[in-house]
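Listed here are the chains, written in short residue letters.
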Amino acid sequence: MSLPKLHGIGEGPWRGEERASAFAEREFQVCIAARMVEDGSTYWVAGGGGPMYSVLMAKRLYAPDVVYVTEDGLVGAEPLLPFDPVMTLAAARPAYRALMWTTMSGIGDQSGVGYLDYGVLNTLQVDPYGNVNSTWLGSYPSEGRRMNGPGGADTIASVCRRLVLMTDHQRRKFVERVDFISSPGYLDGSPRARELAGLPEDTGPYAVITNWAVFDFEAESRRLRLRAIAPFVTVEQVLGEMGFRPIVPAPDEIQVLDPPTERELTILRTEMDVRGQFTDAAPDWVVWEDNQWKMVKREPQKGAGPGFI
Amino acid sequence: MESSEKVLKVLAEGKGDYKLVDPDEHRRSIKQKPRGMRKKLMGLREAIERYVADGDYLVWEINYLQRGPAAAIREIIRQRKRNLWLGGKFTWVAVALLAEAGCCDRVDVGFFVSGPALTRLALEGRVKFYEYSNLVMTARLRAGAMGVSFLPVRSFGGTDGFKYSGAKLIEDPFTGKPVVVVPALNPDVALIHVHQADEFGNARIFGASISDVESALASRKVIITAEEIVSTEEIRHNPGLTKIPYFAVDAVVHQPFGSYPGECAGYYASDTEHVGEVFAAIYRDRIKEYLDKWVYSVSNEEDMFSKLVGVGKLNELRRRATIVATEGYRP
C-alpha cells in the first residue's frame, strides 16, 4: 500500500540550498509548513504567528501564485514587513497592495461558496479527528482556564476544502478528546458527521504540522496518521509526546523532513518574526554538531511572550 | 400544488441565553429616530452619558488596538457603566478591560485575549460567557441589519460552542439538508470609530473592515467617533465612500487619535510600548493598575494625551503611518 503524496515533503527546491546549522524548533515548523503550501491555490490564513509566516514565506520562495485572504477583509495583500506587534490584521502594513479590501462578511461569502481551498490555523489542543480547542482548558465551564475563543477559526475549519493545523509537539496538545470543540475537525469521526452537523461536504482537516512531525488523516477512519518526522527526533520520541496513538505506517513509509535553509531562516528572522516573539516562545534549539542534530535548551529570550504575535 | 403540512424540524439546539430579537421591535425603535439632517456633534462624555445605559447590549467595531473606539471604551469605563452585555468578537483587550472594570456581566464570545482576570470572573460566575465565533457573531449582526430574526450559516455545526449558544440545527425546509441557523442580534448601542464623518453622521471608513455597516444598521443607538469632521459638501462630492448614512447615527464625536493606543490605518501607527503594556496587564493580572493609570487618573482623553503621551509621541505615530501605506486611505 502506498500512501497519498503530501505536497512539499521530499524533493523540492530547498534541497539545493545552503542548509542552516542552528535553528529554533518553531522556525523549523514554519519552514516545513511553507514548503507544503500548494502554488496556484487560495488560502484563508489565521491572523498572525506560524500560519501567516508560513504562507508569506511560501509566497516568497516556493508558491508565488498563492493568494491568501484574512478575516479582516483582505484579499491578496502584499504586506509591508515586518508588522508592528499584534498589528497582523486590520492595520495598514498587512493590508498593503491588496487586490481587494472587503469586510468579514465578504470573506465569509467567498468561503461559503467555496472559493477558498486551504485554511491554516494554530491550535491549543487537537484530538485524533482534528477537532480544535481554543476556548477553555479543563472542565467547561466550572473548572480550568478561560481561553481566547475561536475567532475566525471556526469558519476557516468549516468551509475551507483542506484544513492545515499547526501546534507545538507536546503531550498536552495532542489529547484523546479536546476539552472543548471550538472549531470542527471530523467531530466523532463517523462517516458524514460534518455534513450531518450542517457543514459543507468535501471539507475537513488535511494535515497537522508540528515542530517535530507532519501528520495527515487516513481517508477511511479520518484519524490522524504520522507521515514524516524531523531529522532530530525518532518516531518513538514523536509518539512519546502525544496523549494518544496516531496511525503509524511502516517505518520505511515515514519520511524524514529536510532541515531549514539559510534563505528560509533569513526571511523569517529579518522580515517576519524580527522580535522573536513567535519562535523564541519555545525554548528548544537544534544545532548540527559532531555530524548529527542535537537538541539543546536555551534561556528564554527577552521579549518573548505568550500569544504576543 | 400539493398541500404541505411539514413541520419545521429542529434537529439540535444550543442551551445558551441570547438577547431575543423581534425585528418588528427593532423597527419600532428605528421609527423613533429623527429623519431630518440634524447636527449631532457633541463631546465624548456627553455621547456616552446620553447613549450608553447600564444593562445595554454593546458592540464596537474592530477593537481597542485597531481602528477601534478606544477613547469611547475608556470613557465607558470612566463613567462606570454597569451590567453591559458585550459582543466580544474580533477584539484583543477590550473584553478583559471592561470586565475587570466591572462594566459587564455577560459576553458573547468571538475572540478576545483572556487571562487570569477573565478566568477568575468566569469561575466566580460574575461574568457569563456564551460561545460563538467572529464570523457567527458577524452573521448575527448581519441578520439584525437585514431586519430578519435569524440567518443560516455554513459553520458552527458540531462544535461545543454551538451547545452553549443560541443557535439551532434545523432541517432546511428547501433542500432537506441539516443547516445551522443563528439568532439575529440587535444591540442597544454600537461604537464605531471612523476616519471621516460630517456633523450629521454620514461616515467614511477607509480600508478593509469587519462589520461596521452591519453594526450600524442592527443597533438601536449608534455613536460615531471620527478622526476628522468633513463638510457635507465633501461627502456629496464622493458619495461612494459613505459607509454609514446619517439617519442611523445618534451622536458624532470629533475624536482625533480616538483609536490610541491602537493604529488607525492610514492615519497613525500603534503605540507599540503602550500595546505591550496593556497585554502585560492582562497576562500578569494587573488590569486595575492599567485602568488607574490610563482611565481613572485622567479626566478625559485630552488630559490623558497631555499628561501621559505628549505631542512628540503623537507626531511620531503620525509619521510612522505616513511612511507606510497611505494608498487607499484618502479620497
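This structure is a prediction, so every number in the text was calculated from the model and none was measured. (Residues numbered from 1 in each chain as written. Chains lettered and ligands numbered in written order. Predicted model: local features only at pLDDT ≥ 70, side-chain atom pairs only at ≥ 80, totals over all residues. Heavy atoms only, no water.)

**Examining the overall build of chain A**
Scanning chain A from terminus to terminus reveals eight helices and 17 strands. Over its C-alpha trace chain A gives a radius of gyration of 18 Å, about what one expects of a compact globule, namely 19 Å for 309 residues. Considered along the principal axes of its C-alpha atoms, chain A spans approximately 55 × 45 × 45 Å. Burial status across chain A gives 63% buried among its 309 residues. (Helix = DSSP H or I, 4+ residues; strand = E, 2+ residues; numbered from the N terminus. Rg over C-alpha atoms; globule rule 2.2 N^0.38 Å. Buried < 20%, exposed > 50% of the residue type's maximum accessible area, 1.4 Å probe, protein only.)

**A few points about the overall build of chain B**
Looking only at helices and strands, chain B features 13 helices and 13 strands. Relative to the globule expectation of 20 Å for 331 residues, the C-alpha radius of gyration of chain B, 20 Å, shows essentially globular dimensions. C-alpha atoms of chain B, sized along the principal axes, occupy 75 × 50 × 35 Å. A buried classification covers 60% of the 331 residues belonging to chain B. When contacts within chain B are restricted to residue pairs at least 6 apart in sequence, long-range pairs at least 24 apart make up 75% of them. With an accessible surface of roughly 13200 Å², chain B has 51% of that area assigned to carbon and sulfur atoms. Mean positive and mean negative side-chain charge positions of chain B (46 and 43 charges, respectively) differ by 1 Å. (Contact = heavy atoms within 4.5 Å. Areas by Shrake-Rupley, 256 points an atom, 1.4 Å probe, with all protein chains shown as cover. Lys, Arg positive; Asp, Glu negative; His and termini not counted. Charge placed at Lys NZ, Arg CZ, Asp CG, Glu CD.)

**What about the nonpolar core?**
Membership of the largest hydrophobic core comes to 88 residues, with the highest contact counts inside it found for Tyr43, Trp44, Val214, Phe215, Phe232 and Val238 of chain A. Among the elements that make up this core, the one with the highest residue count is helix α2 (residues 49-61) of chain A (seven residues). For Tyr43 of chain A, the contacting residues outside a window of four places in its chain are Met36, Val37, Glu38, Val55, Val66, Val67, Tyr68, Val69, Tyr118 and Val120 of chain A. Grouped together as the second largest cluster of nonpolar side chains are 79 residues, Leu44, Val93, Leu291 and Tyr329 of chain B included. (Core = buried A, V, L, I, M, F, W, Y, C linked by side-chain atoms within 4.5 Å.)

**Comments concerning the packing of helix α4 (residues 104-112) of chain A against helix α6 (residues 134-146) of chain B**
Helix-helix packing: each pair is described by the crossing angle between the helix axes and the interaxial distance. Following both chains from N to C, one finds α4 of chain A and α6 of chain B inclined at 105°, their axes separated by 10 Å at the closest point. Relative to α6 of chain B, the element α4 of chain A lies roughly perpendicular. Here Met104, Ser105, Gly108 and Asp109 of chain A of α4 of chain A lie close against α6 of chain B, whose contacting residues are Asn134, Leu135, Thr138 and Arg142 of chain B. Across the contact of α4 of chain A with α6 of chain B, the residue classes break down as two nonpolar, four polar and two charged. (Axes fitted to C-alpha atoms, helices over the stretch in contact; angles between N-to-C directions. Parallel < 35°, antiparallel > 145°, perpendicular 65-115°, else oblique. Nonpolar A, V, L, I, M, F, W, Y, C, P; charged D, E, K, R; others polar.)

**Some words on the sheet that holds strand β6 (residues 118-122) of chain A**
Strands belonging to one sheet form pairs held by backbone hydrogen bonds; the direction of such a pair is parallel or antiparallel. Residues and elements named next belong to chain A. Taking strand neighbours across the sheet as the criterion, the 10 strands line up as β5-β4-β3-β2-β6-β11-β12-β13-β14-β15 in an open arrangement whose pairing is mixed. Every other strand in the sheet has two partners, leaving β5 (100-101) and β15 (255-256) as the edge strands with one partner each. Bridge count for strand β12 (residues 205-209) against strand β13 (residues 213-217) is three bridges, and the pairing is antiparallel. Residue Ala207 lies in a different strand from β13, and its bridge partner there is Asp216. On the sheet, α2 packs against β2 (42-45), β3 (67-70), β6 and β11 (162-166) and is oriented at approximately 135° with respect to β6. (Pairing = 2+ DSSP bridges.)

**A few points about the interface of chain B and chain A**
Taken together, the contacts link 58 residues of chain B with 61 residues of chain A. Surface buried jointly by chain B and chain A totals about 4600 Å² across both partners, of which 61% is contributed by carbon and sulfur atoms. The interface formed by chain B and chain A includes three salt bridges. In this structure, Asp84 of chain A and Arg320 of chain B form a salt bridge, with 2.7 Å as the shortest nitrogen-oxygen distance. Our count for the chain B to chain A interface comes out at 23 residue pairs in polar contact (both at pLDDT 80 or more). Elements with a minimum of two residues in the side of chain B that touches chain A: α5 (116-123), β5 (128-131), α6, α7 (160-163), β8 (178-183) and α10 (272-283) of chain B. For the side of chain B that touches chain A, the residue count by class is 31 nonpolar, 19 polar and eight charged. (Buried area = accessible area lost by both parts, 1.4 Å probe. Salt bridge = Lys/Arg side-chain N within 4 Å of Asp/Glu carboxyl O. Polar contact = N/O pair within 3.5 Å; in protein donor to acceptor, adjacent residues only side chain to side chain.)

**Concerning the environment of Ile229 of chain B**
Residues and elements named next belong to chain B. Tracing the chain through its elements places Ile229 in strand β11 (residues 221-229). Exposure remark for Ile229: the relative accessible area of 30% places this residue in the partly exposed category. With 29 residues separating them in the primary sequence, Ile229 and Gly258 have C-alpha atoms 13 Å apart.

**Let's talk about the side chain of Ser182 of chain A**
Along the chain, Ser182 of chain A turns up in the loop between β11 and α6 (193-196). At a separation of 3.5 Å, a polar atom in the side chain of Ser182 of chain A contacts the side chain of Asn133 of chain A. Discounting chain neighbours no more than four positions away, the residues touching Ser182 of chain A are Val132, Asn133, Ser134, Thr135, Pro150 and Asp154 of chain A together with Thr159 of chain B.

**So, the sheet that holds strand β1 (residues 10-13) of chain B**
Residue and element names in this part refer to chain B. The strand order across the open sheet built from four strands is β1-β7-β8-β6, with neighbouring strands paired in antiparallel fashion. Edge positions in the sheet fall to β1 and β6 (150-153), since each has one partner strand and no second. Pairwise comparison of adjacent strand axes, ignoring direction, gives a mean angle of 30° for this sheet. Where β1 meets strand β7 (residues 168-171), three bridges bridge the pair, whose relative direction is antiparallel. Looking at the pairing, Glu13 lines up with Lys168 of β7. Contacting β6 and β8, α6 runs over the sheet at an angle of about 140° to β6.

**Observations concerning the pairing of strand β17 (residues 292-297) of chain A**
Residues and elements named next belong to chain A. Of the pairings in the sheet, the one linking strand β16 (residues 284-289) to β17 comprises six bridges and is antiparallel in character. Directly across from Val286, in β17, lies its bridge partner Met295. What sits between the antiparallel neighbours β16 and β17 is a turn of two residues, in which Asp290 has the positive phi angle 50°.

**As for the confidence of the model for chain B**
Looking at chain B, the pLDDT average stands at 96 and 97% of residues meet or exceed 70. The ipTM, which scores confidence in the relative placement of chains, is 0.96 for this predicted complex, and the corresponding pTM is 0.96. (pLDDT = per-residue confidence, 0-100.)

**Looking at α5 of chain B**
Among the residues of α5 of chain B, Ala117, Leu118, Thr119, Leu121 and Ala122 of chain B are the ones counted as buried. In the core, the buried residues of α5 of chain B are packed alongside β9 (136-139) and β10 (143-146) of chain A together with α4 (94-100), β5 and α11 (287-296) of chain B.

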